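# An overview of the molecular structure
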Amino acid sequence: MTLNRRTALGLAALAVTARPAAAMTPVSQMAPPDPVETIRLWPGGAPGGERVTVTPQVTERSTDPAFHDRFARYTTDPILTVLRPERPNGASLLLIPGGGYKWAVVDKEGLDCARVFAAAGVTCFVLRYRLPGDGWAAGPDAPLQDAQRALRLVRARAAAEGLDPARVAVLGASAGGHLAGMLTARSDTTYVAVDAADAVSHRPDLGILLYPVATMADPHVHAGSRRELLGETPTAEAISRYSLERMDWRGRPPVFLLHAMDDAAVPVENSLGLLSALKAAGVPAEAHLFQEGGHGFGIRLIEGKPAAVWPELVTAWAERHGWSAALG
């Protein structure tokens, strides 16, 4: 199946379009079942958790049985949720949902998006990651530890699962876009190796950033994400170290940016500033800016608006870089 506009929007509508709740909801109007396959990131326990005392929570915000809208807080055992297509094309996609580093959404920028790409043949892995304010020894690098480990697990398992270890992309949204950006930009490893999977590269082959939190600096910072990641009064050094536009992007993989001009939560200047940095570093980059769309739209919340074409735009761009060339 080729992922074009009709396919993407049709699948999204089928999977998650909201409908009025009824006393007895027909099966066809129920949210799709959750995937059953998960992969633990850290079999021996996540690193640096000696002072962590939080209890994991997953909260459902949706009151409509036609779709889920969940978020995870206080994650202590990070996982990948796997969506395997009926006809894999060899490409893999690590999805990192947003949540302002206060929580990580499960559906809107995770499973909902993964279903669209999985329907087109891409094997998808949705990351539920640890949060920086929960007492982990790595502090602001705790989510990055999970992202690096996740990418390595996907790549290390690829050949045995009939997938191409040289076609592993990352897609991150909002604060998840910041995390995906760090995964794409930073070459340093943030944890001590635990098994053979850590011998492979954590560098994605493509970076796809949807309305990303990019800068940690005023005036365009998303204040909530900065506070959760770096604390109330971060130093100038910390702001610089964790701002995507100030990282060394030389030699990094191609990057795709998508943002709505009317985003009132994460200003479009986040993508614009990052785009300038990518251009200066010689990184192949493509950016799509839409007049309307707001923030955090994922798949369901953008239906019927111009930005609804974003999965098609991502796929066309990825095909040009050889990632999803086997689609169809």
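Scroll up for the structure.
Structure report, in brief.

By secondary structure assignment, the location of alanine 159 is in the loop between helix H3 (142–158) and strand S8 (168–173). A relative accessible area of 56% places alanine 159 in the exposed class. Along the sequence, alanine 159 and glycine 90 sit 69 residues apart, while their C-alpha atoms lie 9.3 Å from each other.

Tallying each qualifying case throughout the model produces 5 aromatic pairs. Between tyrosine 211 and phenylalanine 297, the ring centres sit 4.7 Å apart and the planes meet at 70°, which makes this aromatic pair edge-to-face. Of this pair, tyrosine 211 sits in the loop between strand S9 (206–210) and helix H5 (223–230) while phenylalanine 297 sits in the loop between strand S11 (285–290) and helix H8 (310–320), and the two are 86 residues apart along the sequence. Judged by its relative accessible area of 0%, tyrosine 211 is buried.

Attention now goes to the packing of H3 against helix H4 (residues 175–185). Packing of H3 against H4 leaves a shortest axis separation of 10 Å and a crossing angle of 60°. Of the two elements, H3 crosses H4, and the hand of that crossing is right-handed. Note on element contacts: H4 touches H3 through Leu179, Met182 and Leu183, opposite Pro143, Leu144, Ala147, Gln148 and Leu151. By residue class, the composition of the contact of H3 with H4 is 7 nonpolar, 1 polar and no charged.

To continue, consider the state of the cysteines. Following the criterion strictly, the structure yields 0 disulfides and no others. Free of any disulfide, cysteine 113 has its nearest cysteine sulfur in cysteine 124, 9.4 Å distant.

Of all 5 residues making up S9, 5 are buried, and the element is well covered by its neighbours. When S8 meets S9, the two strands line up parallel, connected through 5 bridges. From the neighbouring strand, glycine 172 faces S9, where its bridge partner is leucine 209. In this fold, S8 hands off to H4, which returns the chain to S9; that crossover is right-handed. Bridge count for S9 against strand S10 (residues 255–260) is 4 bridges, and the pairing is parallel. Bridge pairing in S10 places glycine 207 opposite valine 255.

What counts, and at which threshold
Residues numbered from 1 in each chain as written. Predicted model: local features only at pLDDT ≥ 70, side-chain atom pairs only at ≥ 80, totals over all residues. Heavy atoms only, no water. Helix = DSSP H or I, 4+ residues; strand = E, 2+ residues; numbered from the N terminus. Buried < 20%, exposed > 50% of the residue type's maximum accessible area, 1.4 Å probe, protein only. Phe/Tyr/Trp six-rings, centres within 6.5 Å; stacked < 30°, edge-to-face > 60°. Axes fitted to C-alpha atoms, helices over the stretch in contact; angles between N-to-C directions. Left-handed = near helix turned anticlockwise from the far one by under 90°. Contact = heavy atoms within 4.5 Å. Nonpolar A, V, L, I, M, F, W, Y, C, P; charged D, E, K, R; others polar. Disulfide = S-S within 2.5 Å. Pairing = 2+ DSSP bridges. Right-handed = clockwise from strand over helix to strand, strands pointing away.

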